[in-house]
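Fold and contact review
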Amino acid sequence: MVIIGGGVHGLATAYYLASRHGIRNVAVLDKGYIGGGGSGRNTAIIRSNYLTPEGVRFYDRSLKLYETLAADLNFNVMFSQRGHLTLAHNDSSLRTMRWRAEVNKLQGVNSEVIGPDEIKKLVPYMDVSENVRYPILGALYHPPGGIIRHDAVVWGYARGADAYDVHIHQNTEVLGIEVVNGRVQGVETNQGRIATGTVVNCTAGWSTLISDMAGVSMPIQTFPLQAAVTEPVKPFLDTVVVSGTLHVYVSQTDRGELVFGASVDPFASYSMRGSLEFVEGLAGHVLELMPSLAKMRLLRQWAGLCDMTPDFSPIMGFTPVEGFLVDVGWGTYGFKAGPVAGEAMAECIATGRTPDIIAAFGLDRFTEGRLVGEKGAAAVGH
């Protein structure tokens with residue numbers, strides 16, 4: 001079988017297929033290098049404090065897998081569970097945070113709303129006074145959340161899959177998918193043809209281009225998502241801080257750099273270039289939260305591609321074309337779902353049945369009106 005996309009989703013699927021189900025005749029194809037797409041361009045935030053019961057259950061399973069991943073793969077993925085704060089600047093935001101907290105608690109997820117005094121204890125450099133344009137009224141505090149080394153996760157899964165004799169082909173671009181009488185027969189690449197009856201699309205920003213090759217239309221648009229990083233400084237920010245109102249989030253890496261991001265660019269594009277407009281807006285909003293960062297210097301900025309669905313939830317499982325499966329529509333929140341997506345897709349392929357944990361994310365939900373509305377918890381809080 002063939003998995004298209006050598007990021008965390010494709011490699012995790014291959015690893016769990018081989019390690020748990022004994023399916024080793026697997027080829028993972030990537031048109032560039034492993035982890036060169038969204039898996040190497042995200043800001044590596046892990047959390048499970050989502051809004052819908054389906055989403056919370058799904059992402060919490062992924063977080064649990066991340067907690068033991070270093071031991072499972074015998075590879076240090078540098079998972080730092082330092083806590084995650086989602087700030088509320090107005091009454092409606094605070095109401096949503098309380099809503100999310102209750103949904104989280106019902107699913108057994110550690111999550112609660114805290115006030116400005118508690119926020120100040122967690123982030124001493126945060127301006128929680130009332131003398132600002134967007135006062136902080138409270139925050140959704142999610143202690144299990146944190147950051148991870150994204151390239152280590154990719155390398156760990158790649159090494160693990162390789163140990164089970166999975167074939168990983170870099171610089172191998174898929175040019176076409178051969179479908180005969182509604183069933184997959186093979187894949188055409190720039191390195192030649194591969195005969196296969198099963199193809200899994202794990203290609204993030206390019207997901208619609210691959211699905212179109214199989215004749216499967218996806219309700220997805222691709223948008224750039226920009227991020228930036230500063231020079232390293234002495235560690236001072238323990239938690240991940242997110243503000244949906246200000247369209248910004250920030251965390252500090254183990255090396256001391258501050259990693260910033262915002263919401264997706266407001267136009268569909270396949271460009272992965274940064275823009276001055278993004279940096280100016282981002283810097284202004286960060287300084288509203290932490291004015292003392294004004295003299296810090298920016299090192300670099302970049303962008304990744306996000307495949308956005310109408311309801312901000314993924315599309316996973318079988319499609320109308322027999323043998324063509326998808327693990328796409330991840331928007332800005334795909335990296336944190338890597339382990340559970342790989343686990344679920346491997347089970348889906350091995351058993352021929354859709355696992356309960358991804359049953360709500362099927363492609364048919366768009367025609368049947370069963371959307372899983374995650375926009376309130378997925379946007380900006382990457």
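Scroll up for the structure.
These lines cover the structure that appears in this document, whether it is placed above or below. (Residues numbered from 1 in each chain as written. Predicted model: local features only at pLDDT ≥ 70, side-chain atom pairs only at ≥ 80, totals over all residues. Heavy atoms only, no water.)

Overview of the sheet that holds strand E19 (residues 324–328)
- Spatially, E8-E2-E1-E12-E19-E18 is the arrangement adopted by the 6 strands of the open sheet, whose pairing is mixed. At either end of the open sheet lies a strand with only one pairing partner, and these are strand E8 (167–169) and strand E18 (315–318). Strand-to-strand twist of the sheet, defined as the mean angle between neighbouring strand axes without regard to direction, takes the value 20 degrees.
- Taken strand by strand, helix H9 (residues 338–351) contacts strand E12 (199–201), E18 and E19, and its axis lies near 170 degrees from that of E19. (Pairing = 2+ DSSP bridges. Helix = DSSP H or I, 4+ residues; strand = E, 2+ residues; numbered from the N terminus. Axes fitted to C-alpha atoms, helices over the stretch in contact; angles between N-to-C directions. Contact = heavy atoms within 4.5 Å.)

As for the packing of helix H2 (residues 53–67) against H9
- At a minimum axis distance of 7 Å, the contact between H2 and H9 shows a crossing angle of 105 degrees. Our classification of the angle between H2 and H9 gives roughly perpendicular. Contact residues: H2 offers Phe 58, Arg 61, Ser 62, Leu 65 and Tyr 66, while H9 offers Gly 338, Pro 339, Val 340, Ala 341 and Glu 343.
- Residues belonging to the contact of H2 with H9 are distributed by class as follows: 6 nonpolar, 2 polar and 2 charged. (Parallel < 35°, antiparallel > 145°, perpendicular 65-115°, else oblique. Nonpolar A, V, L, I, M, F, W, Y, C, P; charged D, E, K, R; others polar.)

A look at the pattern of salt bridges
- Per the counting criterion, the structure on display carries 14 salt bridges.
- A salt bridge links Glu 343 to Arg 20; the nearest nitrogen and oxygen atoms lie 2.5 Å apart. Placement of Glu 343 in helix H9 and of Arg 20 in helix H1 (residues 8–21) is noted, with a sequence separation of 323 residues between them.
- A residue is classified by how much of its surface remains accessible, and Arg 20, at 45% relative accessible area, is partly exposed.
- One salt bridge in this structure joins Arg 365 and Asp 311, with 2.8 Å as the shortest N-O distance. Residue Arg 365 is found in helix H10 (residues 365–368), and its partner Asp 311 is found in the loop between strand E17 (298–308) and E18; the two are separated by 54 residues along the sequence.
- According to the relative accessible area criterion, Arg 365 is buried, its value standing at 0%.
- In the salt-bridge network here, residues are joined through shared partners; they are Arg 20, Arg 61 and Glu 343. (Salt bridge = Lys/Arg side-chain N within 4 Å of Asp/Glu carboxyl O. Buried < 20%, exposed > 50% of the residue type's maximum accessible area, 1.4 Å probe, protein only.)

Description of the sheet that holds strand E15 (residues 248–252)
- Pairing is mixed across the open sheet formed by 8 strands, whose spatial order is E5-E6-E4-E14-E15-E16-E13-E17. Looking at which strands have only one partner, the edges of the open sheet turn out to be strand E5 (112–114) and E17. Averaged over all pairs of adjacent strands, the angle between strand axes in this sheet comes to 20 degrees, irrespective of strand direction.
- By the bridge criterion, 3 bridges tie strand E13 (residues 221–230) to strand E16 (residues 258–261) in an arrangement that is antiparallel. Pairing of Ala 227 across the sheet is with Gly 261, part of E16.

Points about the nonpolar core
- Counting 61 residues, the largest nonpolar core has Ile 3, Phe 58, Tyr 66, Ile 148, Val 153 and Tyr 157 as the members making the most contacts within it.
- Within the residue set of this core, elements represented by two or more residues are H1, H2, helix H3 (69–73), helix H6 (150–163), E13, E17 and H9.
- In this structure, Phe 236, Val 241, Leu 258 and Leu 289 belong to the second largest nonpolar core, which totals 26 residues. (Core = buried A, V, L, I, M, F, W, Y, C linked by side-chain atoms within 4.5 Å.)

Topic: unusual backbone geometry
- Located in the positive-phi region is Asn 171, a residue other than glycine, with phi close to 55 degrees.
- A positive phi angle, near 50 degrees, is found at Asn 181, a position not held by glycine.
- When you line up the elements, Asn 181 lands in the loop between strand E9 (174–180) and strand E10 (183–189).
- Overall, Asn 181 belongs to the exposed group, its relative accessible area being 81%.

A word on the packing of aromatic side chains
- Evaluation of the coordinates by the stated rule reveals 11 aromatic pairs.
- Here Tyr 66 and Phe 335 contribute two aromatic rings whose centre-to-centre distance is 6.3 Å and whose plane-to-plane angle is 25 degrees, an arrangement assigned as stacked. Pair noted here: Tyr 66 is in helix H2 and Phe 335 is in the loop between E19 and H9, with a separation of 269 residues, a long-range link. This pair shows no difference in class: Tyr 66 is buried, exactly as Phe 335 is.
- With a centroid separation of 5.1 Å and an interplanar angle of 70 degrees, the aromatic rings of Tyr 125 and Phe 236 are classed as edge-to-face. With Tyr 125 in the loop between helix H5 (116–122) and strand E6 (138–142) and Phe 236 in the loop between E13 and strand E14 (240–243), the pair connects residues that are 111 residues apart, well separated along the chain.
- One aromatic cluster in this structure is built from Tyr 50, Phe 58, Tyr 59, Trp 330 and Phe 361.
- Across the ring face of Tyr 50, the terminal group of Arg 47 is positioned such that the distance to the ring centre comes to 4.3 Å. (Phe/Tyr/Trp six-rings, centres within 6.5 Å; stacked < 30°, edge-to-face > 60°. Lys NZ or Arg CZ within 6 Å of the ring centre and 35° of its normal.)

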